[in-house]
Amino acid sequence: MNLVSGIMFVIMLITAFVYYIVPKKAKPYTLLIISIAFYISLGWQPLIFILFSSITTYIAGILLENKENKTIKKIILAITVILNGLILVILKNRIFVKDIIVPMGISYYTFQVISYIADIYKKKYEAQKNLAKYFLYTMYFPYLSIGPINRYNDITPTLYETDKKFNSSQVFYGLLRILFGIFKKLVVANRIQILIATITGDTNTYQGAFALFAMLLYSIEIYCDFSGGIDVVIGFSKILQIKVMENFNNPYSSENIQEFWRRWHISLSNWFRDYVYIPLGGSRCGNLRTNINVLIVFILSGLWHGTQYILWGLLHGIFLLLGKVIKTPWKIVNRVITFLIVSILWAFFIWPNTVQACQMIASVFTRFNYQALIQNIGSLGLSLANYIVLIIATIMVFIYEGKKKVINEKIKNKAPEIKLILTISAILIILVFGVYGIGFDASQFIYNKF
Amino acid sequence: MKTIKRIINVIVILVIAILIFYLLNKLLMPKYMTDLVEGSMISQYYDEEKNHEVIFIGDCEVYANFSPMVLYQEKGITSYVRGSSQQMIWQSYYLLKETLKYEIPKIVVFNVNSMRYSEPVSEAYNRLTLDKMKWSKEKYDMIKASMLDEETMTSYIFPILRYHDRFDKLTKEDIEYLFDKKKNTYQGFLINKEIKPLENKPVVKKLANYQFADIDYEYLEKIKDLCEENNIKLLLIKAPSVYPHWYDEYDAQIEKFAEENHINFVNFLDKVGEIGIDYSQDTYDRGLHLNLTGATKLSKYFATYLKENYELTDYRENKEIDDIYQKKLEQYMKEIM
């Protein structure tokens, strides 16, 4: 189900309404019922898989807590992780299961339950005994479609909290965050998608400068698309006073690839750091081993996105290692270089066929026909007015992202009437300048498929 | 006091927001005044005086081929064409239902060409019929019956959801006709004076199935029942458009239905010679529609047919109505000259 659809808006509205009118103790259970209903609406098969993952890790959590024998604990951990990991690999790559519907958010919830079970193994916190509450952690519907990958001890305090009173300020900020996410998705990302579709639609004509143009634009598109979706999840959760972790922190202001991954898809990076990199020895085992660990993590990160993204992950790992030794003394130059590397590597997302992606990257260096790009920029699917909207909207997004705290602080002190005007203006701007509706087929978020 | 002031402020802001939203919807909706004028035809009916004894329903074969002004001029018949592009039979039914809320004619003329279609053809055609129709239960039902999978009811209720991408295509026309509209038909008849002769008769392809779909019969029955309930005589016609080809198998099915239900059916394709239609002169798109001269010939013939077969009033003898029609005729004559 699409996060920016009318039906989703209605579901969120009803959920928020019901959440605040039910008795305190019923709040988590109400959310669980709605989440299950949401999942059932996607089909019975996905529900079975998420229930399986939830039940196996729930039982494993209790068993791990009660066992003292280290070997038995390791076996329980290994079996649970392998079982859930295998289901993820089999379903995502459709090995033996061609006709099964891949459950929505399987990559996200599988990583969540693995983090839970690993934390219980490490005695970070107690296992959840209440099955319904545990189900809510695995099935809370907003983050199922796009993440982030929430840690049990981060989200559950507010997810299970029952003593909540309606807070108009939280509702306003939640709503504003949702609208900002929708703005990023519909006004910026979907508009760029039109250009990307034209360029990828004719790989013989659109190479070289066109390919680079697509890569640079895609950097903005995927950011606005993915972070826009996360904004909707965080904003809606804010309305319910549930604290969902931030998944982005100005990634394109990074000065090297290492910093980029501290700012991009933070929940996934942290997950790999805590559950793969550190258990492999992290940076404690000498340079060579550290570098190998980094490359393993990035290959696995690529694999998480799909087998065709392994090279993308590996290249990120290599550039991360190179960035440790090669850098300029100028911040701005480092930022531009990092942005260019990241953008060029998005080629593997733009052209999912690895060979074709490599050809397109090569064409940037061999067929850089910038004059053809300038001459044809008007025939790539966007009118001049649309380009202007795209440029203004993109600048607005990055200014807000960069000065979010200051702007929010300023808004905070404004009268409710001003806040209302701001909200209504945002809705009207999205309605007019958003790219959606008949004839446009990119309403799903890019990261829905992972 | 402060709270009351705040409540008033909020109400004012909401009212202004609703007003802006309403204006944006109106601004972005196509006006259909100079381009795709077919989209404005349905709404022009609402401004007319409702005293028609004959109402036409159907697709472009009615609004391009039958001129109510000629019917009046020839025999004093008052009529209106509630036609629209690619009007589906379910749309004809709901349009008729809506029309009957305003007036009860003596005769309803239904062009049967749409019987060949069992499902909506395109969203664009739906829009041409539905966009400018007044909101009513009939419009709601018509939308439900007409929508393609990718369409939504909300986009009909709030046109901004469909037409927001027109923000970079707005022209002077969108401002000029924001609240205003101009008449571009004469009683629903769209004048076209161009001549594009029919050079070669189109190749007739054999079909796998000639049987009209159940849904078409269902709505034809509904139209018939609606007419019976209101004591209206239903007249089925097939306009003399050369293509899309009207198969004998289609004709036989309509003949049978008409016979079983004691309804008159006139296939004007069989009367082309009698009417005097010359496809080298009387069509503006190689036989698909008649042009002004063709429509005038057909309308003259049809006026005589109606007068001979039905009891219709000659409104030329009614001074009050004749005055109105004479003014219309004056304008019409100026335009066709």
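Up top is the structure.
Just so it is clear, the model here is predicted, and its values are computed rather than measured.

Digging into the layout of surface pockets
Residues and elements named next belong to chain A.
- Looking at the second largest pocket, its volume works out to about 1200 Å³.
- Considering the residues around the second largest pocket, the lining is formed by 42 residues, among which R177, F180, Y400, K404 and N408 are closest to the centre.
- Mapped by element, the contributors of at least two residues to the lining of the second largest pocket are α9 (168–201), α10 (209–239), α19 (384–402), α20 (404–412) and α21 (416–433).
- Top contributing element to the lining of the second largest pocket by residue count: α9, with nine residues.
- Among the residues forming the lining of the second largest pocket, the class breakdown is 21 nonpolar, 10 polar and 11 charged.

Considering the packing of helix α12 (residues 266–277) of chain A against helix α13 (residues 287–305) of chain A
Residues and elements named next belong to chain A.
- The N-to-C vectors of α12 and α13 enclose an angle of 130°; their axes lie 10 Å apart at closest approach. Comparing their axes, α13 and α12 come out oblique. The hand of the α12/α13 crossing is right-handed. Seen from α12, the contacting residues are L268, F272, V276 and Y277; seen from α13, they are T290, N293, V294, V297, L300, S301, W304 and H305.

Some points on a nonpolar patch on the surface
- There is a patch of nonpolar side chains on the surface, built from A:W330, A:I332, A:V333, A:V336, A:I337 and A:L340 and spanning about 540 Å² of accessible area.
- Relative accessible area serves as the criterion here: at 31%, A:V333 is assigned to the partly exposed category.

Some thoughts on the interface of chain A and chain B
- At the junction of the two partners, chain A supplies 19 residues and chain B supplies 19 residues.
- With both chains or domains summed, chain A and chain B bury close to 1600 Å², and 76% of this area falls on carbon and sulfur atoms.
- Ranking the residues of chain A by area buried against chain B places A:E417, A:V432 and A:I438 at the top, with a combined share of 38%.
- There are one salt bridge connecting chain A and chain B.
- One salt bridge in this structure joins B:R6 and A:E417, with 3.3 Å as the shortest N-O distance.

Re the packing of aromatic side chains
Residue and element names in this part refer to chain B.
- A complete count under the given rule lists 72 aromatic pairs over all chains for this structure.
- Arranged with centres 6.2 Å apart and planes meeting at 35°, the rings of F212 and W246 form a pair that is tilted. In this pair, F212 is assigned in the loop between α10 (172–176) and α11 (214–229) and W246 in the loop between β4 (233–238) and α12 (248–260), connecting sequence segments 34 residues apart. With respect to burial, F212 and W246 carry one shared label: buried.
- Lying across the ring of Y156, R127 places its NZ or CZ 3.8 Å from the centre.
- Over the face of the ring belonging to Y325 we find K328, whose NZ or CZ atom lies 4.9 Å from the ring centre.

A few points about the pairing of β4(B)
Residues and elements named next belong to chain B.
- Counting buried residues along β4, five of its six residues qualify, which places the element largely inside the surrounding structure.
- Across four bridges, β4 lies against strand β5 (residues 264–267) in parallel orientation. Along β5, the bridge assignment pairs K238 with N267.

So, α11(B)
Residues and elements named next belong to chain B.
- For α11, spanning 16 residues, the distance from its first C-alpha to its last is 22 Å, which sits close to the expected 22 Å at 1.5 Å a residue.
- Listed in full, the buried residues belonging to α11 are D216, Y219, L220, I223, K224, L226 and C227. Taken end-on, α11 shows its buried residues confined to a sector of 160°, consistent with a single buried face. Counted as exposed and oriented over 90 degrees from the buried face of α11: D214, E228 and E229.
- Contacts made by the buried residues of α11 are with β1 (54–58), α5 (89–102), β3 (107–111), α7 (137–146), β4 and α12.
- Looking one or two residues past α11, N231 carries a phi angle of roughly 60°, positive in sign.

Cut-offs applied
- Residues numbered from 1 in each chain as written.
- Chains lettered and ligands numbered in written order.
- Predicted model: local features only at pLDDT ≥ 70, side-chain atom pairs only at ≥ 80, totals over all residues.
- Heavy atoms only, no water.
- 1 Å grid on protein atoms, 1.4 Å probe; cavity = no way out; pocket = protein on both sides within 12 Å on 5 of 7 lines; lining within 4 Å.
- Points joined across faces, edges and corners; volume = space filled by probe spheres on them.
- Helix = DSSP H or I, 4+ residues; strand = E, 2+ residues; numbered from the N terminus.
- Nonpolar A, V, L, I, M, F, W, Y, C, P; charged D, E, K, R; others polar.
- Axes fitted to C-alpha atoms, helices over the stretch in contact; angles between N-to-C directions.
- Parallel < 35°, antiparallel > 145°, perpendicular 65-115°, else oblique.
- Left-handed = near helix turned anticlockwise from the far one by under 90°.
- Contact = heavy atoms within 4.5 Å.
- Patch = residues over 30% accessible without salt bridge, like charges linked within 9 Å, V, L, I, M, F, W, Y side chains within 5 Å.
- Areas by Shrake-Rupley, 256 points an atom, 1.4 Å probe, with all protein chains shown as cover.
- Salt bridge = Lys/Arg side-chain N within 4 Å of Asp/Glu carboxyl O.
- Buried < 20%, exposed > 50% of the residue type's maximum accessible area, 1.4 Å probe, protein only.
- Buried area = accessible area lost by both parts, 1.4 Å probe.
- Phe/Tyr/Trp six-rings, centres within 6.5 Å; stacked < 30°, edge-to-face > 60°.
- Lys NZ or Arg CZ within 6 Å of the ring centre and 35° of its normal.
- Pairing = 2+ DSSP bridges.
- Expected span 1.5 Å × (residues − 1).
- Arc of directions from axis to C-beta.

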